[in-house]
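What the coordinates show
Here are the chains, one letter per residue:
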Amino acid sequence: MTAKLTVVRAGALTTVQDAGRRGHAHLGVPRSGALDAPAMRLANRLLGNGPDAAVLETTLTGCALRPDRPVTVVAGGAPCPVTVDGRPVAWGTPVRVPAGALLDVGTVSAGVRTYLAVAGGVAVDPVLGSRSADLLSGLGPAPLRDGDVLPVGAPGRQPALPGAAPWPAPPAELVLPVRPGPRADWFAPAALRTLLSATYRVSPHSNRIGLRTEGPPLARAVTGELPSEGMVLGAVQVPPDGRPVVFLHDHPTTGGYPVIAVVGEPALAAAAQAAVGTPVRFALG
Amino acid sequence: MTDSRPLDVRPAGRHALLVELPDAERTGAFHAELLRRRAAGTLPPVEEIVPGARTVLLDGVGDPEALARRLTEWDVPPRAADDGDVVEIPVRYDGPDLAEVAALWGVTPEEAAARHASYTYRVAFCGFAPGFGYLTGLPGELHVPRRATPRTRVPAGAVALAGPYSAVYPRSTPGGWQLIGTMPDPAPLWDLAREEAALLTPGRRVRFVEQTPAGGAA
């Protein structure tokens, strides 16, 4: 028999995430998946899970769960206090949670998203090959609510990764390497210079769809409407207010605002952990 | 290409290319050629082939520069009008904006319905929501603007017009398109039990079949 997790406190926004859905963008299906994918994979490796086993992605305030059987978990990504029945336990390394005990993943001390992985993975039914919750289109499991019960898969036999895990610290300043995007020529010559020299800040309107920024607006050279075109993960799209938006995993598959630059995918993990107000710089790279 | 205008291949990050074409027709032909070559095994691995209105995005490409050089050497045949399988969408022309659209077209609502159902459309691209296809095929003089104020809720199955496009809403969402009719059972538009969940996939042709209020064909 495998364990079940009862959600005692869902937190501000907790979703099931894995590596996401590939190959369906032409049908309007976003990629979705864990925003800090390296954190998800490291948490899974520490438990002997496959790298892309489904985990829980929390937002700022964590979550609390009660397993009906003993489970082994790792909370990683954004650092936070973790307790079992009120007693502090380790963050970032495997923790055994007895049957019926209350596992509480607390409010982050830095960063945004803590990943809670469980040995065996979160075993909700996949949709189009993924268990990820896609908040743009509503595919996959809905965000957790208090009282939900989550199935856990059978733990694997491969040994867990030993030793201390190298969890990167959330960024005090987010530096995003970019290459010019497909519509860089839709902007005034000064716009790319502004993008590459100004300091932006993470906007409170950021979410799983995009990292929104506050800072100097980027002026367009071509003012017409852009016919809808495919959008990549990491696209720096510029809506009419001129403030760049970095597309994260739940981004729409097609869009009608020009993309001035594209952020390399490896940098998006740090973007997922950049709290509201964090300075953001874009650098050619 | 059959005319001499080259493809405009634009960078889209380390693993993607955005290919821009002169018009919707050649975009469709280029997309069809990509799918043919992928099926034949002569296209390098590409994770996503995402058509847009005038573009095709190739994402998840190992060597975008090498692929870009190959693309410019392709001879892409125009797409035959009867290329692609046909999907029939039953419609009751009972939408709240039918009278307004008919007035814009200068005809009666009944004539507007018959006219909309008289064309064969093609799915140009998807977006907005899973299974939401943008259908081209309406002649230019029948293009209508979006509504000035979007509706907070458009019901699933709504048959709608905006600009050059027709569409059928696969699910209830907010929307700013002009609603001219209803697909009585919209469930087939997005069916996760099917091999391909979307019914209206890029490249498919679409015919709207008018239903009488009693449910039969008009």
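Residues numbered from 1 in each chain as written. Chains lettered and ligands numbered in written order. Predicted model: local features only at pLDDT ≥ 70, side-chain atom pairs only at ≥ 80, totals over all residues. Heavy atoms only, no water.

1. Quick word on the overall build of chain A
Counting its regular elements, chain A contains three helices and 20 strands. For 285 residues, the compact-globule estimate of 2.2 N^0.38 gives 19 Å, and the C-alpha radius of gyration of chain A, at 20 Å, lies within 12% of that figure. Taking the principal axes of the C-alpha coordinates as reference, chain A spans close to 60 × 40 × 30 Å. For chain A, the proportion of its 285 residues judged to be buried stands at 54%. Considering only contacts in chain A between residues 6 or more positions apart, those separated by 24 or more positions represent 77%. Working note: accessible area of chain A is about 11000 Å², and carbon and sulfur atoms make up 57% of it. Averaging the coordinates of the 24 positive side-chain charges in chain A and doing the same for the 19 negative ones gives two points 4 Å apart. (Helix = DSSP H or I, 4+ residues; strand = E, 2+ residues; numbered from the N terminus. Rg over C-alpha atoms; globule rule 2.2 N^0.38 Å. Buried < 20%, exposed > 50% of the residue type's maximum accessible area, 1.4 Å probe, protein only. Contact = heavy atoms within 4.5 Å. Areas by Shrake-Rupley, 256 points an atom, 1.4 Å probe, with all protein chains shown as cover. Lys, Arg positive; Asp, Glu negative; His and termini not counted. Charge placed at Lys NZ, Arg CZ, Asp CG, Glu CD.)

2. Considering empty space enclosed by the protein
In this approach, a probe sized like a water molecule rolls over the atoms, and the result shows the empty space that is left. Inspection of every chain in the model, using the stated rule, returns four cavities of 30 Å³ or more. The space that makes up the largest cavity amounts to roughly 130 Å³. Lining the largest cavity are 16 residues, and of these Ala25, Met231 and His251 of chain A together with Glu48 and Asp59 of chain B lie nearest its centre. Where the lining of the largest cavity is concerned, the elements lending two or more residues are β3 (46-51) and β4 (55-61) of chain B. (1 Å grid on protein atoms, 1.4 Å probe; cavity = no way out; pocket = protein on both sides within 12 Å on 5 of 7 lines; lining within 4 Å. Points joined across faces, edges and corners; volume = space filled by probe spheres on them.)

3. Quick word on the sheet that holds β4 of chain B
All names here are of chain B. With antiparallel pairing, the four strands of this open sheet are ordered in space as β1-β2-β4-β3. Lying at the two open borders of the sheet, with one neighbouring strand each, are β1 (8-11) and β3. With strand direction ignored, the average angle separating the axes of adjacent strands in the sheet is 20°. Pairing geometry for β1 and strand β2 (residues 16-20), over four bridges, is antiparallel. Counterpart to Arg10 in the pairing with β2 is Leu18. Along the sheet, helix α1 (residues 24-40) makes contact with β2, β3 and β4, crossing β3 at roughly 160°. Sheet contacts for helix α2 (residues 64-71): β1, β2, β3 and β4; angle to β2, the most-contacted strand, approximately 25°. (Pairing = 2+ DSSP bridges. Axes fitted to C-alpha atoms, helices over the stretch in contact; angles between N-to-C directions.)

4. What to know about the pairing of strand β10 (residues 114-118) of chain A
Residues and elements named next belong to chain A. With five of five residues buried, β10 lies mostly within the body of the structure. The alternating pattern of β10 places Thr114, Leu116 and Val118 on one face and Tyr115 and Ala117 on the opposite face, and all of these are buried. Of the strand pairs in this sheet, strand β3 (residues 55-57) and β10 are connected by two bridges, and their pairing is antiparallel. Note that in β10 the partner of Leu56 across the bridge is Leu116.

5. So, the domain arrangement of chain A
Residues and elements named next belong to chain A. Splitting chain A by domain gives domain 1 (4-151) and domain 2 (174-284). Summarising the inter-unit geometry, the C-alpha centres of domain 1 and domain 2 are found 28 Å apart. Each partner contributes to the interface: domain 1 provides 23 residues, whereas domain 2 provides 17 residues. Together, the buried faces of domain 1 and domain 2 total about 1500 Å²; carbon and sulfur atoms form 56% of this surface. (Domains from an automatic or database assignment. Buried area = accessible area lost by both parts, 1.4 Å probe.)

6. Quick notes on the domain arrangement of chain B
Residue and element names in this part refer to chain B. Taken domain by domain, chain B comprises domain 1 (8-71) and domain 2 (86-210). Distance between the C-alpha centres of domain 1 and domain 2: 27 Å. Regarding the contact of domain 1 and domain 2, the summed buried area is about 350 Å², with carbon and sulfur atoms giving 66% of it. Looking only at domain 1, the three residues that lose the most surface to domain 2 are His31, Pro51 and Ala53, adding up to 70% of its buried area. Counting every contact that joins domain 1 to domain 2 gives zero salt bridges. (Salt bridge = Lys/Arg side-chain N within 4 Å of Asp/Glu carboxyl O.)

7. Notes on the side chain of Thr58 of chain A
Its location among the elements puts Thr58 of chain A in the loop between β3 and β4 (63-67). When sequence neighbours within four positions are dropped, the list of residues in contact with Thr58 of chain A reads Leu13, Thr14, Cys63, Val112, Arg113 and Thr114 of chain A.

8. Side note on the interface of chain A and chain B
Listed as interface residues are 30 residues of chain A and, on the opposing side, 34 residues of chain B. Where chain A abuts chain B, roughly 2500 Å² becomes buried across the two surfaces, and 57% of that area is made up of carbon and sulfur atoms. Taken as a group, His26, Leu27 and Arg179 of chain A account for 24% of the area that chain A buries against chain B, more than any other trio of residues on that side. At the boundary of chain A with chain B, the tally comes to three salt bridges.

9. Structural notes on the packing of helix α3 (residues 98-105) of chain B against helix α4 (residues 109-116) of chain B
Residue and element names in this part refer to chain B. At a minimum axis separation of 8 Å, α3 and α4 run at an interaxial angle of 85°. In terms of their interaxial angle, α3 and α4 are classed as roughly perpendicular. Of α4, the residues touching α3 (which contributes Leu98, Ala99, Ala102 and Trp105) are Pro109, Ala112, Arg115 and His116. Taken together, the residues of the contact of α3 with α4 sort by class into six nonpolar, one polar and one charged. (Parallel < 35°, antiparallel > 145°, perpendicular 65-115°, else oblique. Nonpolar A, V, L, I, M, F, W, Y, C, P; charged D, E, K, R; others polar.)

10. A word on the pairing of β3 of chain B
All names here are of chain B. Counting buried residues in β3 gives five out of six residues, a clear majority hidden from the surface. Across five bridges, the pairing between β3 and β4 is antiparallel. Note on β4: the bridge partner recorded for Glu48 is Asp59. Two successive antiparallel strands, β3 and β4, enclose a turn made up of three residues.

11. Thoughts on unusual backbone geometry
The phi torsion at Leu128 of chain A lies on the positive side, around 50°, for a residue other than glycine. Tracing the chain through its elements places Leu128 of chain A in the loop between β10 and β11 (149-151). For Leu128 of chain A, a relative accessible area of 22% gives the class partly exposed. The backbone of Phe128 of chain B sits at a positive phi, close to 70°, despite the residue not being glycine. By secondary structure assignment, the location of Phe128 of chain B is in the loop between β6 (120-127) and β7 (129-136).

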